Amino acid sequence: MRLVNIGFGNMVCIDRVIAIVVPESAPIKRIVSESKDRGLCIDATYGRKTRTVLITDTDHVILSALQPETVRRRVENSADERTAAESGVIDADDEADEDEAEAEDGETEEENDEL
């Protein structure tokens, strides 16, 4: 299960999304309206303008304030990270983040050994 941030800390299981579309066309507006009537619309815009509509395989419709291109990039980055993790490749930035997190904790492996 891959979760992708669609804005404001909201996450979507991208494996269930079948379409990422813009909301301007009449057919998409109709899909959004019908999903609201059936209680299958999830509004993750926080009151902002809907810029992306995500349609899932369960007929849920998710509204996001992010641009479709931004969502697409996040999906691709998620796929790249997953591929790297499966192949055992560790990104240098990940190692730096781990070192930084240890430094923030104020404890190093040496200190843990002393305890």
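Residues numbered from 1 in each chain as written. Predicted model: local features only at pLDDT ≥ 70, side-chain atom pairs only at ≥ 80, totals over all residues. Heavy atoms only, no water.

Peer 1: Any chance you could explain the overall build of the protein here in plain terms?
Peer 2: Helix and strand content of the protein: 4 helices and 6 strands. Order of helices (α) and strands (β) in the protein, N terminus to C terminus: β-β-β-α-β-β-β-α-α-α. Put simply, of all contacts in the protein between residues at least 6 apart along the chain, 50% involve residues at least 24 apart. Counting only carbon and sulfur atoms, one obtains 47% of the accessible surface of the protein, whose full area is about 8,000 Å². (Helix = DSSP H or I, 4+ residues; strand = E, 2+ residues; numbered from the N terminus. Contact = heavy atoms within 4.5 Å. Areas by Shrake-Rupley, 256 points an atom, 1.4 Å probe, with all protein chains shown as cover.)

Peer 1: Any chance you could explain the confidence of the model for the protein here in plain terms?
Peer 2: The predicted coordinates should not be examined in detail at positions where pLDDT is low. Considering every residue of the protein, the mean pLDDT works out to 84; 77% of them sit at 70 or more. Counted against residues more than four places away or in other chains, residues 94–115, with its pLDDT under 50, gives 4 contacts. (pLDDT = per-residue confidence, 0-100.)

Peer 1: Whenever I open this one, helix 2 (residues 68–87) confuses me. Can you help?
Peer 2: Residues spaced three or four apart along an α-helix point in a common direction, a consequence of the helix completing one turn every 3.6 residues. Under the 1.5 Å per step criterion, the end-to-end length of helix 2 is 29 Å for 20 residues, consistent within 8% with the ideal 28 Å. Within helix 2 the residues assigned to the buried category are P68, T70, V71, V75 and S78. Angularly, the buried residues of helix 2 cover 165° about the axis, an arc narrow enough to put them on a single face. Summarising the geometry of helix 2, the exposed residues directed more than 90 degrees from the buried face are D80 and S87. (Expected span 1.5 Å × (residues − 1). Buried < 20%, exposed > 50% of the residue type's maximum accessible area, 1.4 Å probe, protein only. Arc of directions from axis to C-beta.)

Peer 1: Looking at this structure, I do not really get the nonpolar core. What am I missing?
Peer 2: Note that soluble globular proteins tend to have their nonpolar side chains buried in a common cluster. In this structure, V4, I6, V12, I14, V17, A44, L54, I62, L66, V71 and V75 together form the largest nonpolar core, which totals 11 residues. Leave out the neighbours within four places in its chain, and I6 touches V12, A44, L54, I62, S64, L66 and R74. Counting residues in hydrophobic clusters, the runner-up holds 6 residues, among them I28, V32, V53 and L63. (Core = buried A, V, L, I, M, F, W, Y, C linked by side-chain atoms within 4.5 Å.)

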